[in-house]
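# Residue-level structure breakdown
Each chain is listed here by its residues.
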Amino acid sequence: MKFCKPAVFLAATAILSLFSQDVYLKKAPPAPISDFDIFLYRYWKQQKVTPANEASDCVMVRRLYIDLAGRVPTPQEALDYINCRQKRKQQLLVQELLESEEHAMFMTMRLGDELRIKSEFPINLWPNAAFLYSRTIFDAIRTNMPFDAFAQMLICADGSNFRNGYVNFYRAVPVKNSIETANAFAGFLFGKKLQELPAAEQKRLIDTFAHIRFKSTREWKEEIVYSTVPFSAGSDPRIEFARESVNSPEFAEAAVRRVWRWIFGNCEVDKAIIERLAADFRDKDFDLRALLYEICTSTAYRVGSISEGDYTQKLKYAAIYPVRRLDAEVLADSIAQITGVPYTYSSVIPEPFSYYHGRAAALPDGSITDRFLLLFGRPSRDSGAWEERKNTITADQRLYLFNSADINSRLQKLLWQKLKKEKDKFNALFLLFYSRPPTGEEREIFNTMGKKVKSWKLLARMPWILLNSREFLYQH
């Protein structure tokens, strides 16, 4: 956190033992700070819903890094936030993360799922085009391109798949005809399948893309996407369709629902909340970063995930934060960060062979993967539907985490040289995995068990115990 004086990690681990705030919740619901918050409180009162108490600073810093950067915070980052005394520290951290390259990379992954960025079957973009497509999206997010302009670039794209990343939207449709292309755009623009639209609108979409053609060049795997209706003459029907589409209420609402899923997971929220955010989104010229800022600083985001009462009702009205398992890429990147051992990913299809050393969230091609990502539900990117991503814990996943030789080998590489006292090591482990200090009860359990088993042996087992816990594996 650039806006606060950094805490010194080794010294602060001892100070955390004096930390008195509840590690999960504050003592009251979050106070409204924006017009959207005031709307939420009025709506909650109307619906007779009581919001959960505000999430603690420990929970909030972890939540923000996972949702906006795609990884857990480092111990130093967690301490900087927890120890910061600025009243607006959450807003400042949100702004800092939204402007980071990590955020642009993570949102590229999110959009890449829906835009079907995959080099191999059944999409067959080919590696060069997949890499360009990913980079094009990354640049759009990094420069905060208005989302309506981004959508129009996709709709009106022409040219080589190796030189204009936007044309790969057309090439990523598995069956290249006007019906399937119209269905792909209906999903991305309006969040609906083609058959869910009125008959007249279905026909219009199909007619709009009936003029799209593809032709190969002499360069291997290059393909030109073009319209048989001259674009320069202004007669290409995609021009008017693009203009009308982004000005429709359905476009803004679909974009808001997409961002809501990115932040809160696959949970249905009341339509009135979506409509309110969509109106603000339009008023702010489809500024995606501003939309994310409004959501991630709102009372809906600041509430805790623990509360009495009807959980389903609170979830519907955004009065409680939904608990869900970490995405496959987030889990892989967090384990790699904690252990200091990066994963290696590959695509063994020889067109060409692709090897990648780095963050899973930064993979530019859905065909580049590994066993871990497949096991933990990374989407195949075959259809672009959000249902492809799986976030439920399974028996196979639990067995892997409990028994994996790879996980065990990584955990053995945790470094302890700079921490001499067992108490400091215990504190440091909780910061590393949970972004919070241990509670008094957790210390007592450790001390009690340490009387039966040598405490250094118990401490050596702690990383495995913490990694396999729900608190680490779930966003909360």
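Residues numbered from 1 in each chain as written. Predicted model: local features only at pLDDT ≥ 70, side-chain atom pairs only at ≥ 80, totals over all residues. Heavy atoms only, no water.

### Notes on the pairing of strand β2 (residues 212-216)
When β2 meets strand β3 (residues 223-227), the two strands line up antiparallel, connected through five bridges. Within β3, the residue paired with Arg-213 across the bridge is Tyr-226. Two successive antiparallel strands, β2 and β3, enclose a turn made up of six residues, where Lys-221 displays a positive phi of approximately 70°. (Pairing = 2+ DSSP bridges. Helix = DSSP H or I, 4+ residues; strand = E, 2+ residues; numbered from the N terminus.)

### Description of the packing of aromatic side chains
In the structure shown here, the tally under the stated rule is 32 aromatic pairs. Here Phe-169 and Tyr-170 contribute two aromatic rings whose centre-to-centre distance is 6.5 Å and whose plane-to-plane angle is 80°, an arrangement assigned as edge-to-face. Centroid distance Phe-402 to Trp-464: 5.6 Å. Interplanar angle 45°. Geometry classified as tilted. With Phe-402 in helix α20 (residues 395-403) and Trp-464 in helix α24 (residues 455-467), the pair connects residues that are 62 residues apart, well separated along the chain. (Phe/Tyr/Trp six-rings, centres within 6.5 Å; stacked < 30°, edge-to-face > 60°.)

### Brief notes about the state of the cysteines
This model, assessed by the stated rule, comprises one disulfide. Paired by a disulfide, Cys-4 and Cys-84 hold their sulfur atoms 1.7 Å apart. One end of the pair, Cys-4, is in the segment before α1 (9-15); the other, Cys-84, is in the loop between α4 (75-83) and α5 (89-98), and 80 residues separate them in sequence. Looking at Cys-4, the relative accessible area reads 10%, which means it is buried. (Disulfide = S-S within 2.5 Å. Buried < 20%, exposed > 50% of the residue type's maximum accessible area, 1.4 Å probe, protein only.)

### With respect to the confidence of the model for the protein chain
The predicted structure's coordinates, where accompanied by low pLDDT, should not be read in detail. In the predicted model, the protein chain carries a mean pLDDT of 91, and 93% of its residues have values of at least 70. Below pLDDT 50 for its whole length, residues 9-20 participates in 25 contacts with residues either more than four positions away or in separate chains. (pLDDT = per-residue confidence, 0-100. Contact = heavy atoms within 4.5 Å.)

### So, the pattern of salt bridges
Close approach of charged atoms allows side chains with opposite charge to pair. All chains considered together, the criterion is met by 35 salt bridges. Its salt-bridge partner being Arg-110, residue Asp-327 comes within 2.5 Å of it at the nearest N-O pair. A residue pair is termed long-range when its members are at least 10 positions apart, and Asp-327 in the loop between β4 (324-325) and α18 (328-339) and Arg-110 in helix α6 (residues 101-114) qualify at 217 residues. Between Glu-114 and Arg-258 there is a salt bridge, with its nearest N and O atoms 3.0 Å apart. Note that Glu-114 is positioned in helix α6 and Arg-258 in helix α13 (residues 249-264), a separation of 144 residues in sequence. Taking relative accessible area as the criterion, Glu-114 reaches 14% and is therefore assigned buried. (Salt bridge = Lys/Arg side-chain N within 4 Å of Asp/Glu carboxyl O.)

### Observations regarding helix α7 (residues 127-142)
Structurally, the α-helix is built with 3.6 residues per turn, so residues lying three or four positions apart point the same way. With 16 residues, α7 should reach 22 Å at 1.5 Å per residue; the first-to-last C-alpha distance of 22 Å fits that figure. Residues of α7 that are buried in the fold lie against α6, α8 (147-155), α9 (168-171) and α15 (288-296). Immediately beyond the C-terminal end of α7, within one or two residues, lies Asn-144, with a positive phi of roughly 55°. (Expected span 1.5 Å × (residues − 1).)

### Topic: the side chain of Glu-223
On the secondary structure map, Glu-223 appears in strand β3. Here Glu-223 is in contact with Gly-159, Ser-160, Asn-161, Arg-171, Lys-176, Phe-214, Lys-215 and Ser-216, once residues within four sequence places are set aside.

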